[in-house]
Structures are given as structure tokens and as C-alpha cells.
Amino acid sequence: TSAGHHQRCNSLFAALAVLPFCLGCRGSSAVFSLISCRRTDVLLVSPWLAPIVWEGTFNRDILNAQYRQKNFVVGVATFAVKKYVRFIEGFLGSANKFFLSGHRVNFYLFTDHPEKVPSINLAPEKRLFIIPVQNYSRWQDISMNRMDIISNHIHSHWRYEVDYLYSMDIDVQMFEHIGVEIIDTLVGTISSWQYTKPRDSNSYERHPESRAAIPHGEGDFYYAASFYGGSVSEVYKLTTACFKGVTEDRANGIEAKWHEESHLNKYLLYHKPTRLLSPEYYWDEELIRPRIIRVKRLSSVRKDLQEVRF
């Protein structure tokens, strides 16, 4: 996004700044009850008026009061296949402490080594479901088949069990609370690399033959596949459409540049998220953290990718 566009969006939001907590007190949509507009150094709202969640832009106490009345259940799907089982303990331990504390959460852990899942004492409102999954010879196939597995489980089970569903990488840890400010119909997380490159240098799939292709000059934000979600029905649409694109690419001998993440970005370009999470919600440890990232809520675990993937 350009500096001029940033300024226009913030000016628009300033005109609406009197609304947030007044609407929130009446129990209206969390789109405006989310934001208190205390930041001027970052983009607070997308061009299509979806809130962008940063530290200092919401009051979690107000949001918790709203959402406890709804008594919702959130599902988290994550995959620990092959050597990635080593990240289970760190993920679940930090998620138990920091992810939606005080709210009901079902963790759905897919693994090819159920016997290696460590015993972790979860909070009373949180449950762990261990689901055996087949192994694949290539890590790329593991990555690209996640969408299909999630879609199938929504159709068969999860639509009856949870209200919202999020897909998260297993090789991450949480360091600060991640709460109900993430809840909305369709949620994408802005990649931490978004702030290191101009828009047209983002890692979109550009080859027109791919179903994930985004033409030059198009694109809003670059979204990380490490953390996305929303209502169960919307995540079902997303994962079904993305895996369809993966399947069609495979039939044509094509593999998108960043696998399922490329297809996710194509989907979210034409199906705009109703809420965006700032890079606070997935920070890549390869990058130097700028001042605008006041809180690192979740970040990747440092590792040797060649060692863990092969």
C-alpha cells in the first residue's frame, strides 16, 4: 500500500473514530467495537474497510465480555508430520497459556506419529484431539494437502463441533495473548515480509498458467498461510477452493511458487477478509523487527529448514 493510500484510509477512519466503543456497548458488530484508534503510525483499516488488528487498537476486556455471551467454540488445526513432531510441545504449551485464554478451544493435531505427542496439561476449557494422518515423501505435498484435509474434516465433523476455525503452523510459539480480537468471518494475517518489499515485489504466483496466479499490478496484502481462519463455513469455502486450484495445477504439471500459500493469496484477493491481523500475529524470525511491531504475539521457531524437511 502506498503512503498516500495509507493517509486516505487513516483519514477515513478518523472520521469514524467516535463510533467504536459506543457501538460496542450496544453489542453491535465487532468491526468497529474492535478499534479505539490510538495508533497513527500504521494502517488501521483496509481499503475495503476491514479492521487491521494492532497492539493499541482494541480493548480485550470489552471484546471478552461480548464474546463470552456468545459461548462460541474455536477450533485450531495444525500438522506435525515427520520431524515436525519436535515442535508439538512448544506449540501446545504456549497456545495453552496465550491462545484465547478463558474461551473454549479444540486443538486438532494431525500427525503421523501419535505416539510421540507429549502429555500436556491443558486448561479446563481446552481440548486436544490427535488425528493420525498419512505421510508424504515430499514436504511440499504435506503442505499442499493440508487444505484438502481441513476441508474434509469440516464437512464430516468440525461444522458440528466449532463455530470458528483457524489453521496454524506447528513450528511457532506464542509470547503474548492472542484473544477474541482475531474472531471474524474471514481472517487473514499480513505477512511480516509485507513491510520489507514494495507491493509488486511480493511473492505472489505470477505465472499465468497457475490457478494461483495474480497479475502484476494486482494484490492488496501478502497473507501468511501460517495463520488464517474465520467462521467454519467460510474456512470450508476457502480450503475447498484452494485445494481445487492445487489439484488443477497438478493436473497441468504446475506447482505454485509458495504452494498452498500462493493459492490462499489468490483466494483472499477476490474474497476479501473481514478482518486482518497485523504481522504481530506471525512474525518471521529471519527479519529484524521494526518499531511498529510493538508486540510479538506469535513467531516462527528458528530452525534448519533443510534438516527438518528432508
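Cut-off values and rules
- Residues numbered from 1 in each chain as written.
- Predicted model: local features only at pLDDT ≥ 70, side-chain atom pairs only at ≥ 80, totals over all residues.
- Heavy atoms only, no water.
- UniProt positions renumbered as here; feature names shortened; annotations may be inferred.
- Helix = DSSP H or I, 4+ residues; strand = E, 2+ residues; numbered from the N terminus.
- Pairing = 2+ DSSP bridges.
- Contact = heavy atoms within 4.5 Å.
- Axes fitted to C-alpha atoms, helices over the stretch in contact; angles between N-to-C directions.
- pLDDT = per-residue confidence, 0-100.
- Buried < 20%, exposed > 50% of the residue type's maximum accessible area, 1.4 Å probe, protein only.
- Arc of directions from axis to C-beta.
- Polar contact = N/O pair within 3.5 Å; in protein donor to acceptor, adjacent residues only side chain to side chain.
- Right-handed = clockwise from strand over helix to strand, strands pointing away.
- Salt bridge = Lys/Arg side-chain N within 4 Å of Asp/Glu carboxyl O.

Under Subcellular location (unreviewed entry), UniProt gives the following word-for-word description of the protein: "Membrane". For the protein, the Sequence similarities (unreviewed entry) comment in UniProt is given as "Belongs to the glycosyltransferase 6 family."

Caption draft 1: A look at the environment of Gln-134. The residue Gln-134 is located in the loop between β4 (126–132) and α6 (139–156) in this model. Taking the C-alpha atoms as reference, Gln-134 lies 7.8 Å from Thr-111; in sequence the two are 23 residues apart.

Caption draft 2: Seen up close, the sheet that holds strand β5 (residues 164–168). The eight strands lie next to each other as β1-β9-β7-β8-β5-β2-β3-β4, forming an open sheet whose pairing is mixed. Where the open sheet ends on each side, the last strands, each with one partner, are β1 (52–53) and β4. Bridge count for β5 against strand β8 (residues 223–231) is five bridges, and the pairing is antiparallel. Bridge assignment links Tyr-164 to a residue of β8, and that residue is Ser-231. On top of the sheet, helix α7 (residues 232–251) reaches β5, β7 (186–190) and β8; it is set at about 135° to β8, its chief contact. Each of β7 and β8 is contacted by helix α8 (residues 260–270), which is oriented at about 50° to β8, the strand it contacts most.

Caption draft 3: Quick peek at the confidence of the model for the protein. Looking at the protein, pLDDT values average 85 and 80% of them are 70 or higher. Counting contacts from residues 1–35, a segment whose pLDDT is below 50, to residues more than four positions away or on other chains yields 56 contacts.

Caption draft 4: Representation of helix α4 (residues 60–70) in the model. For α4, the full list of buried residues reads Leu-63, Asn-64, Gln-66 and Tyr-67. Mapping the buried residues of α4 onto a view down its axis gives an arc of 165°, with all of them on the same face. Structural note: α4 exposes Asp-61 and Gln-69 on the side pointing more than 90 degrees away from its buried face. Capping of α4 at its N-terminal end is provided by Asn-59; its side-chain oxygen lies 3.0 Å from the backbone amide nitrogen of Asp-61. In the segment just after α4, Asn-71 is the residue with positive phi, at about 55°.

Caption draft 5: How the structure looks around the pairing of strand β3 (residues 104–111). For β3, a buried count of seven out of eight residues is recorded, marking the element as mostly surrounded by other parts of the structure. In the sheet, strand β2 (residues 73–80) pairs with β3 via eight bridges, with the strands oriented parallel. Bridge pairing links Phe-79 to Phe-110 in β3. The parallel pair β2 and β3 is bridged by helix α5 (residues 88–98), and the resulting crossover is right-handed. Two strands pair when backbone bridges link them, and β3 and β4 are joined in this way by seven bridges, in the parallel orientation. Opposite Tyr-108, over in β4, you have Phe-129 as the bridge partner.

Caption draft 6: Examining the environment of Glu-205 more closely. Position of Glu-205 relative to the elements: it lies in the loop between β7 and β8. The contacts of Glu-205, once residues within four sequence positions are left out, are Ser-210, Ala-212, Ala-213, Ile-214, Ala-256, Lys-257 and Ser-262. For Glu-205, the side chain forms a polar contact with the main-chain nitrogen of Lys-257, separated by 2.6 Å.

Caption draft 7: Region of interest: the side chain of Asn-96. Position of Asn-96 among the secondary structure elements: in helix α5. Within polar-contact distance, the side chain of Asn-96 engages the backbone oxygen of Asn-121 at 3.4 Å. Excluding residues within four positions of it along the chain, Asn-96 makes contact with Asn-121, Leu-122, Ala-123 and Lys-126.

Caption draft 8: Main features of the UniProt feature "active site" (unreviewed entry) in the protein. According to UniProt, the feature "active site" (unreviewed entry) maps to Glu-261 in the numbering used here. If you trace the backbone, Glu-261 turns up in helix α8. Given the relative accessible area of 17%, Glu-261 is considered buried.

Caption draft 9: Summary view of the pattern of salt bridges. This model, assessed by the stated rule, comprises twelve salt bridges. Linking Asp-220 and Lys-272 is a salt bridge whose minimum nitrogen-to-oxygen distance equals 2.4 Å. Placement of Asp-220 in the loop between β7 and β8 and of Lys-272 in the loop between α8 and β9 (275–277) is noted, with a sequence separation of 52 residues between them. Residues joined in a network through salt bridges with shared partners are Arg-39, Asp-41 and Arg-294.

Caption draft 10: Expanded view of the UniProt feature "binding site: UDP-N-acetyl-alpha-D-galactosamine" (unreviewed entry) in the protein. Following the UniProt record, one finds the feature "binding site: UDP-N-acetyl-alpha-D-galactosamine" (unreviewed entry) at Phe-79, Ala-80, Val-81, Tyr-84, Asp-169, Ile-170 and Asp-171. A maximum C-alpha distance of 11.2 Å places the annotated residues, which cover 93 residues in sequence, within one compact spot. Here Ala-80 lies in strand β2. Once residues within four sequence positions are removed from consideration, Ala-80 is found in contact with Val-85, Ile-88, Leu-109, Phe-110, Thr-111, Asp-112 and Ile-170.

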